[in-house]
Each structure stands twice: as C-alpha cells, then as structure tokens.
Amino acid sequence: MTRIFAVAALALSLAAGPAAAERFARGLLWRVSNGTAPPSHVFGTIHLADPRALEIPPPVLHALEQSRSYAMEVPNWSEHDRRLFEAAQFEDGRSLEAVVGADTFRKVRVALGSRAIPDEVIARIKPWAALANIAVYPADYESATLDEKLFALARARGLRIAALEGTEEHIAVFEAIPLETQVAMLKHTLENRDWLASRIEPTLQAWLKRDLAAIRAVNAHAAARFPAMAGHYRQLDRHLVDNRTVVMAHRLFLPLRAGRVFVAVGASHLYGDGGLLALIEAQGYRVRRVY
C-alpha cells in the first residue's frame, strides 16, 4: 500500500478544475530570491514512477547540488507509512461494506485483491483509502517515484530534510473529504477505471513539456466529461490541492528567508493565482523560471 499512497494525490485529483488565471503557466523549476538570502528553487514533480519522469534534467540536478536543505511535500519515512496504513482503516466498528454497499464492496474486493491486500484490511478500509488504492498504473513503472528519487539524492548529499506537511496533517487532508464525496468518487472510479487511467499519459506528456496550464486542462477534461460529478471533483481539488498549497507556502516562509532551499512538490501546486509560486511572490520574493 505504501507505493499506492505515494501517488494518492495524483490518483484523486485527476479531475481538478482549471485555475482562475494563466499565471505561472509554464515551467517546472523556479528560482526564488529576495536580494539578501542566497536563492532557493521550487521544482514541480509528478507523483509517478514512469521511467520518462525519472530522467532528472541537468538544471534540476544543478539546483539540488547548490542547495543546503530539501523541502518535500509529505514525509518519506517508514513511520509515516505505518501511521498512514493505520489511519486508512476504520477503528470505530464500521466496515467498508456497510458504508458503500454490498455491490461496491464486492468490486473493491476484486480490485484490491489483485494487489494482495488482505481481506481483513479490505473489510475495514476507508473509502478514501480504497479510492487511492484502486488506481491503475502501467506494469513497466520503476520501483520508486520521482519524489522518492529526489529524496534519495537529497539524503545522499547530506541536505537538511523537512516535510511541508506532517503525517497527521496529511491524514487529516483525506479525512476532511466529505464521506459523501469519498463514496461517490469510489463508485465513479470503479465504473470508469480504464478511462481515468487513460488520463495519466496526457498528464505526463504535459509535465514533460513543462506546461502547467496543459496539466490543468487535461485534468479539467474529466470534470467536463462527467458533469454530474463536478461538485465532488471540486471537493477533491479544494482539499488535495488548494488547501494544501496554502499550508506549503506558510511552511516555506522562514526557510526561504535563510535561502538555498530545494522545494519539491507536485506540479499542480505551482499553477495559477492561487498556486504556490504566486503565494511565495506575495511574500515579497522574486520568482523567475529556470526550466
């Protein structure tokens, strides 16, 4: 389950809507400076282990080599994974079948059974965790995502490492998604798994072209295709992208003042007037595209 949770945000946010304006529309690596502290960098990752995403561009490696600290989106250590696994299961006597119904539960058992998840775990798994786990990914993916590879490089270089979102905060993000939305999206995803999986490739292509606006446009396609689910899509976008972006900007306020920070977060957090780059700029920094 650890690997699946590593890409949960991507799996749950494929229906994110477009931002209000075309700000910071292109570019994955950005230089952040204020004229006093050494510059820092913000890099927009993609939470996948596709081999094409794992070829880290030279400008990104150079920025990482010049950094003293590394700020990642969520913790990347075993204690976090264990706690996330615990939080993904009902502990109040409820069961997934009672919450989603027998037919949906049967479909979840089939989908999760193929991942060798024990029946006793499936019986108590929460809808948001089931939703994250039923995502379909190609068989040729590597063993580590781009985020995990960057983390390993930062650790090998001896950088100070910090997560912008704590374990309990990360759990709270999923728990805050209304149960109605969790159940509706779980049923919807089970019915449209192949089509939703087909959105991964165009999202990856947009990322490879360093086109943040195109990423949002690809994602918005799902909301347009399934208008009856638009409200639930908006709920996911608000909890998984917008709210978390604000927290990230807050957590970066002091580290950026010290400088030489390498920030690695999902590219969807960078785009638009409400994106991380705009929020950093509003704190008085100059934000310039590097790659």
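Here the residue numbering is sequential within each chain, running from 1 through the sequence in written order. With pLDDT at 70 or above as the cut-off, local features in this predicted model cover only qualifying residues; side-chain atom pairs require 80 or more to be listed or tallied, and sums for whole chains, interfaces and linings still use all residues. Note that the side-chain values use all heavy atoms of the structure and ignore hydrogens as well as water.

Comments concerning the sheet that holds strand 4 (residues 160-163)
The sheet built from 6 strands is open, its strands ordered 4-3-5-2-1-6 with mixed pairing. Each edge of the open sheet is held by one strand with a lone partner, namely strand 4 and strand 6 (286-289). The average undirected angle you get between the axes of adjacent strands in this sheet is 20°. Strands are labelled as partners when DSSP assigns at least two bridges between them. Numbering goes from the N terminus for both helices and strands, where a helix is a DSSP run of H or I of at least four residues and a strand is a run of E of at least two. Pairing of strand 3 (residues 69-72) with strand 4 involves 4 bridges; the strand directions are parallel. Helix axes are fitted only over the stretch in contact, all axes being lines through C-alpha atoms; the angle between N-to-C directions runs from 0 to 180 degrees.

Observations regarding the packing of aromatic side chains
Within 6.5 Å between ring centres, the rings of Phe, Tyr and Trp (the latter by its six-membered ring) count as paired, and their orientation is classed by plane angle as stacked under 30 degrees, edge-to-face over 60, tilted in between. Taken as a whole and assessed by the stated rule, the structure comprises 6 aromatic pairs. With a centroid separation of 6.3 Å and 45° between ring planes, the pair formed by F43 and F262 is classed as tilted. With F43 in strand 2 (residues 40-45) and F262 in strand 5 (residues 261-266), this pair connects stretches of sequence that are 219 residues apart. Summary of the burial criterion: residues with accessible area below 20% of their type's maximum are buried, those above 50% are exposed, and those between are partly exposed, where the area comes from a 1.4 Å probe applied to protein chains only. Residue classification places F262 among the buried positions, given a relative accessible area of 0%.

Thoughts on the side chain of S40
Residue placement: S40 occurs in strand 2. In what follows, a contact means two residues having at least one pair of non-hydrogen atoms within 4.5 Å. Beyond its immediate stretch of four places on either side in the chain, S40 contacts W30, R31, V32, L256, G259, R260 and V261.

Points about the nonpolar core
Side-chain atoms within 4.5 Å are what join buried Ala, Val, Leu, Ile, Met, Phe, Trp, Tyr and Cys residues into a set we call a nonpolar core. In this structure, F43, Y70, W207, F262, L276 and I280 are the most contacted members of the largest nonpolar core, which totals 54 residues. Of the residues forming this core, the biggest block, 5 residues, is contributed by strand 5. Aside from chain neighbours lying at most four places away, what touches I280 is V32, V42, L252, L256, Y285 and V287. With 36 residues, the next largest nonpolar core counts A88, F105, I125 and W195 among its residues.

Quick look at helix 13 (residues 200-208)
Every buried residue of helix 13 is listed here: I200, T203, L204, A206 and W207. An end-on view of helix 13 places all buried positions within 160° of arc, on one side of the element. Lining the buried residues of helix 13 we find strand 2, helix 9 (146-156), helix 12 (193-198) and helix 14 (212-225). R210 sits one or two positions beyond helix 13 and adopts a positive phi of about 60°. By arc we mean the arc of the directions from the helix axis to the C-beta atoms, nothing more.

Remarks on the environment of E86
Inspection of the secondary structure puts E86 in helix 4 (residues 78-87). Taking C-alpha positions, E86 is 17 Å from A116, a pair spaced 30 residues apart along the chain.

What about the pattern of salt bridges?
Side chains that differ in charge, positive against negative, can pair when their charged atoms come close. Here, a salt bridge means any side-chain nitrogen of Lys or Arg that lies within 4 Å of a carboxyl oxygen of Asp or Glu. Inspection of every chain in the model, using the stated rule, returns 16 salt bridges. Ionic pairing is found between D103 and K107, a salt bridge with its closest N-O pair at 3.4 Å. Of this pair, D103 and K107 are both found in helix 6 (residues 102-113), 4 residues apart, which corresponds to roughly one turn of the helix. Using a relative accessible area of 43% as the deciding quantity, one classes D103 as partly exposed. Sharing partners across several salt bridges, the network here consists of D50, R52 and E201.

Re the confidence of the model for the protein
For the protein, per-residue confidence averages 91 on the pLDDT scale, and residues scoring 70 or more make up 93% of the total. Between residues 1-9, whose pLDDT stays under 50, and residues either more than four places distant or in other chains, the model counts 32 contacts. Per-residue confidence from the predictor is given as pLDDT, running between 0 and 100.

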